[in-house]
Amino acid sequence: MNEVDVIEDPAAAEASLDPVRSRLLAALVEPGSASSLAARVGLPRQKVNYHLRALERHGLVELVEERRKGNVTERVMRATAAEFVISPNALASVAPDPGRERDQLSARWLVALAARTVAELGRLIAGANAAKRPLATYAADAEVTFASAADRAAFAGELQAAVADLVRRYHAEGAPNGRKHRFVVGLHPAITREFPTEEN
């Protein structure tokens, strides 16, 4: 089982979004049969079997083993990943394009960068899984409280300068064994319980 799979196929995305099927995917982090799942999700075994076949058709669940019980062969299934995310490629015709408008202060551009990151990582994860090799990634996450909009702007300016300096020092265009990496930094307001009453 993979840690995470990024769903690119629109039909697979649609299958995973069905409420019953998403519950089955969550339950199948541990292997289960249609009969054992039926008891857990409160549906008839035949209905569970129908949904499992659809998930299997789209590569979201896989056969672990077959058990013989009298005249019946019980199929034990498992989700292909512990977690799933839908790639923007599943909506390719309307997916945001970071190349369309490069505006560092635009929420649309930040979303476009995040969408591209998900799509690219999906393809990289699939390749790494197929090759049975680790994927070299790095991520950082932090929350910062700014006292004012001026402080936020100053922070963004210093961050941009620091990133530009690091890129200048480490970027080795034309290195014989070099490999390009994509570096993305984003800053947005944290979601709070109460909607803000004034612009910060």
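Preceding block: the structure.
The paragraphs below set out a description of the structure included in this document.

## Some remarks on unusual backbone geometry
And step 1. Despite not being glycine, Lys 132 has its phi angle at roughly 55 degrees, a positive value.
And step 2. With respect to the helices, strands and loops of the structure, Lys 132 is situated in the loop between helix H5 (107-131) and helix H6 (149-170).
And step 3. Exposure remark for Lys 132: the relative accessible area of 75% places this residue in the exposed category.

## Here we look at the packing of helix H3 (residues 34-41) against helix H4 (residues 45-57)
And step 1. Between H3 and H4, whose axes approach to 8 Å, the crossing angle comes to 110 degrees. By the criterion of interaxial angle, the relationship of H3 to H4 is roughly perpendicular. Of the residues in H4, those in contact with Ala 34, Ser 35, Leu 37, Ala 38 and Val 41 of H3 are Arg 45, Val 48, Asn 49 and Leu 52.
And step 2. Residues of the contact of H3 with H4, tallied by class, amount to six nonpolar, two polar and one charged.

## Some points on the sheet that holds strand S3 (residues 61-69)
And step 1. Ordered in space as S2-S4-S3, the three strands form an open sheet in which the pairing is antiparallel. One side of each edge strand has no neighbouring strand; the edge strands of this open sheet are strand S2 (32-33) and S3.
And step 2. In this structure, S3 lies alongside strand S4 (residues 72-79), joined through eight bridges in antiparallel fashion. Residue pairing across strands places Glu 66 opposite Arg 75, the latter belonging to S4.

## With respect to the nonpolar core
And step 1. With 21 residues, the main nonpolar core has Leu 24, Leu 28, Leu 37, Val 48 and Leu 52 as its most contacted residues.
And step 2. Counting only elements with at least two residues in this core, the list comes to helix H1 (10-17), helix H2 (19-27), H3, H4 and S4.
And step 3. Sequence-distant contacts of Leu 52, defined by excluding residues within four places in its chain, comprise Leu 24, Leu 28, Ala 34, Leu 37, Val 61 and Met 77.

## Things to note about the packing of H2 against H3
And step 1. The contact between H2 and H3 brings their axes to 11 Å, and the two run at 115 degrees. With respect to H3, the axis of H2 lies roughly perpendicular. As for the relative orientation of H2 and H3, their crossing is right-handed in sense. Two secondary-structure elements touch here, H2 through Arg 23, Leu 24 and Ala 27 and H3 through Leu 37, Arg 40 and Val 41.
And step 2. Along the lines of polarity and charge, the residues of the contact of H2 with H3 split into four nonpolar, no polar and two charged.

## Things to note about a nonpolar patch on the surface
And step 1. Judged by side-chain polarity, Val 144, Phe 155 and Leu 187 come together as a nonpolar surface patch covering roughly 240 Å² of accessible area.
And step 2. Structurally, the position occupied by Phe 155 is in helix H6.
And step 3. Under the relative-accessibility criterion, Phe 155 is labelled partly exposed at 34%.

Rules and cut-offs
Residues numbered from 1 in each chain as written. Predicted model: local features only at pLDDT ≥ 70, side-chain atom pairs only at ≥ 80, totals over all residues. Heavy atoms only, no water. Helix = DSSP H or I, 4+ residues; strand = E, 2+ residues; numbered from the N terminus. Buried < 20%, exposed > 50% of the residue type's maximum accessible area, 1.4 Å probe, protein only. Axes fitted to C-alpha atoms, helices over the stretch in contact; angles between N-to-C directions. Parallel < 35°, antiparallel > 145°, perpendicular 65-115°, else oblique. Contact = heavy atoms within 4.5 Å. Nonpolar A, V, L, I, M, F, W, Y, C, P; charged D, E, K, R; others polar. Pairing = 2+ DSSP bridges. Core = buried A, V, L, I, M, F, W, Y, C linked by side-chain atoms within 4.5 Å. Left-handed = near helix turned anticlockwise from the far one by under 90°. Patch = residues over 30% accessible without salt bridge, like charges linked within 9 Å, V, L, I, M, F, W, Y side chains within 5 Å. Areas by Shrake-Rupley, 256 points an atom, 1.4 Å probe, with all protein chains shown as cover. Salt bridge = Lys/Arg side-chain N within 4 Å of Asp/Glu carboxyl O.

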